[in-house]
Amino acid sequence: MKTDLTDTTSSKINKALVLGRRAIGTPAVGMVLTLVIVTDEENAYDALKAANDASREHPSRTLVVIKRVSRSPRDRSKARLDAEVRLGADASTGETVVLRLYGEVGDHAQSVVLPLLLPDAPVVVWWPVNAPTDPAKDPLGALAQRRVTDTYAAEQPIQELTARADAYTPGDTDLSWTRITPWRSMLAAALDQVVCEVTSAEVEGEEFNPSVELLAMWLAERLKIPVRRSKSAGPGLTSVRMETSSGPIVLDRPDGSLATLSIQGQPDRAVALKRRDTAELIAEELRRLDPDDTYATALRFGLERLDEEAAVTAPEIVAESVGTPAEASAEEPAAPAAKPARKAPAKKAAAK
């Protein structure tokens, strides 16, 4: 059931929700939270589809806030609120309200959203794109217990991590961190199987993927070891190699679906490590509404504290310049200090 409201108000939207629930025969509100999605028109469809899929696990009232861009001075001077109310099969297991804000009302989105929040229920705000630098100080973010961003969608994803660390407030989280949950679980399980001391590690993944940096910082902070970030063709994270006193432990996923776990002295094992879609990621974040201290610790570790090459892209592999490890060591001092990404590619081959 869909109801379109043009040039409306929050009170009229609430009335439409009540009438809609009665019309479909579900007058009781059985939702556990309010999910506020702040996005633009271009990304609204994908974000709403992911939220509807996640609502099967977390029935919620979903408020999609879209600030429409006015093209003329006359339009910018007119404040208007349009809404689309979806209930029943059109809203999966919850309720959906799509809010389109025009003119000056776009600067006061919190005044529109506040009357529509479920009473006595947690509030989660999600920015699929264009997240504010400090989500907790954003007017909409201030209404929420949890604030979800996605640095992977930022124009400069790696630099965005530093800004997230500087502005971190308990309750902040990022989908780039959520993407590495299966990797962290597998690596922790692998270390539980052997008695050893980890001396160093290397995390390999595609360029401009903040999940690679986050996993490297998590390993460096938890294990107190140097961690190197290397570049691969992807997709996403492709490999983690830990050097230990009992031999290397390698988790390799070249195709984005099936990974191989290799532990010295044990047979290789195939591990399902498929890349997850946005619906699965947001559903995982909605399972916990308390601050994620592990994410905060890893984020605040800092890119600058990784190995000297961890905060930059690893060198390109050039076939004709690859030599023996001894040749790589001899050539390395000649590389300029200001451009670590142009060091001898043979160092990467030697590290593996």
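Refer to the structure printed above.
Residues numbered from 1 in each chain as written. Predicted model: local features only at pLDDT ≥ 70, side-chain atom pairs only at ≥ 80, totals over all residues. Heavy atoms only, no water.

Regarding the sheet that holds strand E6 (residues 123-126)
Across the sheet, 8 strands lie side by side as E1-E4-E5-E3-E2-E6-E7-E8; this open sheet has mixed pairing. Of all strands in the sheet, those bounded by a partner on one side alone are strand E1 (2-5) and strand E8 (172-174). Within the sheet, the average angular offset between the axes of one strand and its neighbour, ignoring direction, is 15 degrees. Where E6 lies against strand E7 (residues 146-149), 3 bridges are found, and the strand directions are parallel. Across the sheet, Val125 pairs through a bridge with Arg147, a residue of E7. Against the sheet, helix H1 (residues 10-23) touches E1, strand E3 (60-67), strand E4 (80-86) and strand E5 (95-102), its axis set at about 15 degrees to E4. (Pairing = 2+ DSSP bridges. Helix = DSSP H or I, 4+ residues; strand = E, 2+ residues; numbered from the N terminus. Axes fitted to C-alpha atoms, helices over the stretch in contact; angles between N-to-C directions. Contact = heavy atoms within 4.5 Å.)

With respect to the nonpolar core
Soluble globular proteins tend to pack their nonpolar side chains together in the buried interior. One finds Val203, Leu215, Leu219 and Val227 to be the most contacted residues of the largest nonpolar core, which totals 40 residues. Broken down by secondary-structure element, the contributors of at least two residues to this core are helix H5 (157-166), helix H7 (181-192), strand E9 (198-206), helix H8 (210-223), strand E11 (237-244), strand E12 (249-252), strand E13 (258-263) and helix H10 (293-301). Considering every element that reaches this core, the biggest residue donor is H8, with 8 residues. Beyond its immediate stretch of four places on either side in the chain, Val203 contacts Val212, Leu215, Ala216, Leu219, Val227, Arg228, Arg229, Ser230, Leu237, Ser239 and Val240. Counting residues in hydrophobic clusters, the runner-up holds 26 residues, among them Leu5, Val36, Leu63 and Leu140. (Core = buried A, V, L, I, M, F, W, Y, C linked by side-chain atoms within 4.5 Å. Buried < 20%, exposed > 50% of the residue type's maximum accessible area, 1.4 Å probe, protein only.)

What to know about the pairing of E11
Burial within E11 is extensive, with 7 of its 8 residues counted as buried. Sheet topology places E9 next to E11; 7 bridges connect them, and they run antiparallel. Bridge pairing in E11 links Glu202 to Arg241. A loop of 4 residues connects E11 with E12, the two strands running antiparallel in sequence, and Gly247 in this loop sits at a positive phi of about 110 degrees.

A closer look at the side chain of Thr151
Structurally, Thr151 can be placed in the loop between E7 and H5. For Thr151, a relative accessible area of 1% corresponds to the buried category. Setting aside anything within four residues of it in sequence, one finds Thr151 in contact with Pro157, Glu160, Leu161, Arg164, Asp174, Ser176 and Pro210.

With respect to the layout of surface pockets
Put simply, the largest pocket is a space of about 580 Å³. Taken together, 30 residues make up the lining of the largest pocket; nearest its centre are Arg179, Arg276, Asp277, Thr278 and Leu281. Counting residues per element, the ones that place at least two in the lining of the largest pocket are helix H2 (41-54), H7 and helix H9 (278-286). It is H2 that provides the largest number of residues to the lining of the largest pocket, a total of 6 residues. Looking at the lining of the largest pocket residue by residue, the classes come out as 14 nonpolar, 5 polar and 11 charged. (1 Å grid on protein atoms, 1.4 Å probe; cavity = no way out; pocket = protein on both sides within 12 Å on 5 of 7 lines; lining within 4 Å. Points joined across faces, edges and corners; volume = space filled by probe spheres on them. Nonpolar A, V, L, I, M, F, W, Y, C, P; charged D, E, K, R; others polar.)

What to know about the packing of H2 against H9
Look at H2 against H9: their axes get within 8 Å of each other, and the N-to-C directions meet at 55 degrees. Of the possible angle classes, the one that applies to H2 and H9 is oblique. Here the hand of the crossing between H2 and H9 comes out right-handed. Taken together, the residues of H9 that come into contact with H2 (itself represented by Ala50, Asp53 and Ala54) are Thr278, Ala279, Ile282 and Ala283. Of the residues belonging to the contact of H2 with H9, the class tally is 5 nonpolar, 1 polar and 1 charged. (Parallel < 35°, antiparallel > 145°, perpendicular 65-115°, else oblique. Left-handed = near helix turned anticlockwise from the far one by under 90°.)

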